[in-house]
Amino acid sequence: MVGLEIHVELATRSKMFTRVGSPACDEFDGAAPNTLIDPVVLGLPGALPVMNKAAVEMSMLVGLAMGCSIAPFTKWDRKSYYYPDLPKAYQISQYDLPLCFDGAFDLPLEDGSTKRIGIIRAHLEEDAGKLLHELPGGRKADFSIVDYNRAGTPLLEIVTAPDFGSADELVAFARTLRNVCRFLGVTEGVMKKGHMRFEPNINLVLTLDDGHEVKTPIVEIKNLNSFKALKGAVEYEQKHQAARWEEDGKVMGPGSKTTRGWNDAENKTFVQREKEDAHDYRYFPDPDLAPVVVDEAWVAEVRSRLPELPHERSARYQDECGLSAKESLALTEERDVCYFFEDISEAAIEAGAPTSAAWKQAANMVLQSGAKRANERGVLTNELGITATQVAGIIALRLGDEIGSSAADELFGMLCESDADAKTEAERHNLLQVRDEGAMQAWVDAALADPANAKVVEDLRGGKMSAIGRLIGAVMKASGGQADAKLIQAKIKETLGV
Amino acid sequence: MGYIGGMSTPCGTLVEIRDAIRSGAMSSVDAVRGCLERIEALDGTVCAFTQVFAEKAIADAGAIDARIAAEGAERVGALAGVPVALKDNICLDWGKTTCCSRILEEYESPYTATAAQRLIDAGAVIVGKTNLDEFAMGSSTEHSCFGPSRNPWDTERAPGGSSGGSAAAVAAGMVPLALGSDTGGSIRQPAALCGIVGVKPTYGRISRWGLVAFASSLDQIGPMTRTVEDAGLALDVLCGEDPLDSTSARVEVPAFTDRLRDPIEGLRIGVPAQARSEQNDPDVARVFEETVERLRTMGAEIVDIDLPHMGAGIAAYYIVAPAEASSNLARFDGIRYGRRAEIDQGEDLETLYSRSRAEGFGGEVRRRIMLGTYVLSSGYYDAYYNTALKARRLIKGDFDAVFSADASGAGVHAVLLPSTPTPAFRIGEKIDDPLALYLEDIYTVTANLAGIPGVSVPAGFAEVEGKRLPVGVQLLCPAFGEVNMLRIAAGLADSSALETMPAG
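Residues numbered from 1 in each chain as written. Chains lettered and ligands numbered in written order. Predicted model: local features only at pLDDT ≥ 70, side-chain atom pairs only at ≥ 80, totals over all residues. Heavy atoms only, no water.

Considerations on the packing of helix H13 (residues 454-461) of chain A against helix H14 (residues 468-478) of chain A
Residue and element names in this part refer to chain A. In contact at an axis separation of 9 Å, H13 and H14 are set at 130° when each is read in the N-to-C sense. Relative to H14, H13 is oriented oblique. Here H13 and H14 pass one another in a crossing that is left-handed. Of H14, the residues touching H13 (which contributes Val 456, Val 457 and Leu 460) are Ile 468, Arg 470 and Leu 471. (Axes fitted to C-alpha atoms, helices over the stretch in contact; angles between N-to-C directions. Helix = DSSP H or I, 4+ residues; strand = E, 2+ residues; numbered from the N terminus. Parallel < 35°, antiparallel > 145°, perpendicular 65-115°, else oblique. Left-handed = near helix turned anticlockwise from the far one by under 90°. Contact = heavy atoms within 4.5 Å.)

Next comes the structure, spelled out in structure tokens:
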């Protein structure tokens, strides 16, 4: 049995309870330590929290996307504990009345089926600061350093039901959730920046030889911030919990839950804290903040802002646009790339391309010419410098048989550096296919007459058609790449009379 | 030290000083110097101030005088040039904000509280900060790390608390206005014991931004003055919604001074059976009955009412307030600011926390933190905290019932109570008996629990051991009913025509 808690740092411009900039927002990403602070963040005497409505609405968006109900009445509670990264010695959170609850999400699986994952709750809270125990550069220190930039960042904690059957399902859900959040615009979802952190809860139901079932104690693994770590940690626990039970005989029950961490280098979990239940957080309603009343009109307004989600788009690409499941998934992996793809398709259709051809060509352009260059440069396809209109221009040339596939790819590369439209750029670089009969005949005649090709010509005349590629290449070379390969082949055959 | 021309007392009332400055009869620098001289002369005995910003106050006053000369006093603001003081749990971005606690002894706030800023924006000059019971926990100002303040009417006696420094400063004529904060009576009780006017406004009337929190759902800043009119003038400046405090109320702010002279004839004033407790000092009981008669004489209708859950007030208060305090004061851990204890090599973080807090907090604060931590602990939460919240709702329900008209008749406009069960007590008299000190708040805590406004006005004197000690009465009104409250209070003050300052 595996359940998952996910922490999502919401990319609001200001923090959860004050106006100072939030590091989860692009604009303040990478700010120098302890610069995103103010009296509220530092918990200075006399400072008071004021709720950030945008964070509440972002949480509602995620909740609605996960099929949750939105609480008509919720409130803020103080969760008390001492730690140097927690400025007020309490965290403002939501205890018994989470903003979102009782959801279900149909996770698309690779085989085309879906698996329903229950969402128990999603509540909003503030993040803590960061405590460092060594100096920058890894030098040892006999003191600790604290950076409060992250303190007070809005954090959405989503808790799933223990519905996952395997580590792969868990990772698929985590990836899908990240993607959904990106489409919702609530986070950039950059794992290494800690925009999302995962905490799986795992235990095993062992069936003994005598038919008895035994449940092993629940293990919570804290703060996993990569999909690889998530998968590794869950698989490690699945492998080792049975052995642990055989050793100590401990079963699930009150006080048996333990907290473990993940060692990325050694690929194993390690004990952090026994007996999770020993903590008393002394939750009580925060008297500095009014309860939040969410009426139906507010929910409806937020719901109207829900965009078409990636899994919904993927299904539409397959059903209506004739794309494969693999292509559709790839196109919906990144929100901005997906929007870019849709912009290209629309521009191509607007320019007169038949619908299904436009989608297909746009998919090819994005997934091949685009993905290749984006990978090389470490950017997203939509960030290459080429516009959707320019790509639609290439598609129009392709569909009009005015340009070959390799020239189209070359043109894509050129347009990444140019503001010209596709046709102008293609003409400037002589990329358009030559259909001039006379020129074609001259290149073919020259190739056939070339002594270096004598053997090939002989083979062809002898009916060995597989040799024709070499002649086509020679003609193409002579044409400077502008000739259409199909036409060359036809012309060679015609000239030789084979 | 002579009286300044036209002033009823050495320092003048807020209105008198404002008018003198407006008319050009006095400069702001003169007014500030007058206050500083009075502080210099008396505060060695009274110990009302924890800090006096003499140089800065004179410089600020000079700047205000220049603005008055250029723009006219009325454009500068409603309190142009007037000297005022703040309780030392209200943040200023200069000086120190100590809360009279060792843990914040050297603490300098980087920002200014909204209430203080409103005074500054109205042209007031802040001359200093006043003494309080540590973190406003106490009823005598004895629980201050700087030592107790003394009651100007009898310096052997406490001025009350926790805003005892503010009360003493105003009563001794050092400033015409001092801000206090009231969580369970901390403005009204010392106002009563020092013979001045103290207003605890409706919860949410005045921003709490920059007031160091004791119990967030109960704390409210308010003015302490010698006249009701002065309190109204201060409220005009202080009240209003603040985007930095989400518990500040989005309600229209009336002109509090406009209707002070309206007759109170026909107003219904409720006198609860619980006001006439046998625990009351005989002088307190006498002054209370005299006040009832005066109100009747002025044409008010006196209505017998019942506040059946008032008896639960102290118990509920001493659960809710410590619970919130235990959480609000958790941030004083020695990590980011404030006093940090020394720890030895090998001692851990927990030692740093507990030692810093043990060294930094006084006994009363530690007692309340422990109480509050206990009542919020799992297993005890329902029995204590939730039960206290239920009592709080019942107490609020009592007031709702008497204020609103129902089948049995029309509701009352105000409730009259004693401010305190006794006049000022001797310093040291109750220090070893926390419960006795807690009972000082018996008539005041209910207003905080219900969120309604209350005012204490001087109503008479007690004769104790040959000394005249002031006795106050308290008026409580429905939420945001300060206009009526001040109108009745002004009527009472006029009718009693008491001296508001001790002689000499």
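Points about helix H5 (residues 310-320) of chain A
Residues and elements named next belong to chain A. All buried positions along H5 are accounted for by Pro 310, Arg 313, Ser 314, Arg 316 and Tyr 317. Seen from one end, H5 has its buried residues packed into an arc of 165°, which puts them on one side. Those residues of H5 that are exposed and aimed more than 90 degrees away from the buried face are Asp 319 and Glu 320. Just downstream of H5 lies Gly 322, where phi reads positive at about 75°. (Buried < 20%, exposed > 50% of the residue type's maximum accessible area, 1.4 Å probe, protein only. Arc of directions from axis to C-beta.)

Overview of the packing of helix H2 (residues 28-46) of chain B against helix H3 (residues 54-71) of chain B
Residues and elements named next belong to chain B. Contact geometry of H2 with H3 gives a least axis separation of 8 Å together with a crossing angle of 160°. Accordingly, the angle class assigned to the pair H2 and H3 is roughly antiparallel. Handedness of the H2/H3 crossing: right-handed. For the pair formed by H2 and H3, the contact residues are Ser 28, Val 29, Val 32, Arg 33 and Leu 36 on the first element and Ala 54, Ala 57, Ile 58, Ala 61, Gly 62, Ile 64 and Asp 65 on the second. Broken down by class, the residue content of the contact of H2 with H3 amounts to eight nonpolar, two polar and two charged. (Nonpolar A, V, L, I, M, F, W, Y, C, P; charged D, E, K, R; others polar.)

Side note on the domain arrangement of chain A
What the domain assignment reports for chain A is domain 1 (2-200 + 279-302), domain 2 (203-275), domain 3 (310-428) and domain 4 (437-496). Computed from C-alpha atoms alone, the centre-to-centre distance between domain 3 of chain A and domain 4 of chain A is 33 Å. (Domains from an automatic or database assignment.)

Things to note about the environment of Gly 313 of chain B
All names here are of chain B. Along the chain, the position of Gly 313 falls in helix H10 (residues 313-328). As a C-alpha pair, Gly 313 and Pro 110 span 203 residues in sequence and 37 Å in three-dimensional space. Contacts of Gly 313, omitting those with residues within four sequence positions, involve Ile 395, Val 445 and Leu 449.

A few points about the sheet that holds strand S10 (residues 454-464) of chain B
Residue and element names in this part refer to chain B. The strand order across the open sheet formed by 11 strands is S1-S3-S2-S4-S6-S5-S10-S11-S9-S7-S8, and the pairing between neighbours is mixed. The sheet terminates laterally at strand S1 (49-52) and strand S8 (301-305), the two strands that pair on one side only. Pairs of neighbouring strands in the sheet enclose a mean axial angle of 30°, with direction left out of account. Pairing analysis gives four bridges linking strand S9 (residues 414-418) to strand S11 (residues 467-476), with the strands arranged antiparallel. Pairing of Leu 417 across the sheet is with Gln 474, part of S11. Those strands touched by helix H6 (residues 164-171) are S1, strand S2 (83-87), strand S3 (125-130), strand S4 (177-182) and strand S6 (220-225), and its axis lies near 155° from that of S4. (Pairing = 2+ DSSP bridges.)

Details of the nonpolar core
Most often, soluble globular proteins keep nonpolar side chains buried together rather than apart. If you look at the biggest cluster of nonpolar residues, it comprises 175 residues, and the most contacted ones within it are Leu 119, Phe 135 and Val 415 of chain B. With nine residues, the single largest contributor to this core is H10 of chain B. One finds Met 16, Phe 17, Trp 76 and Tyr 236 of chain A within the second-largest nonpolar core, a separate group that totals 63 residues. (Core = buried A, V, L, I, M, F, W, Y, C linked by side-chain atoms within 4.5 Å.)

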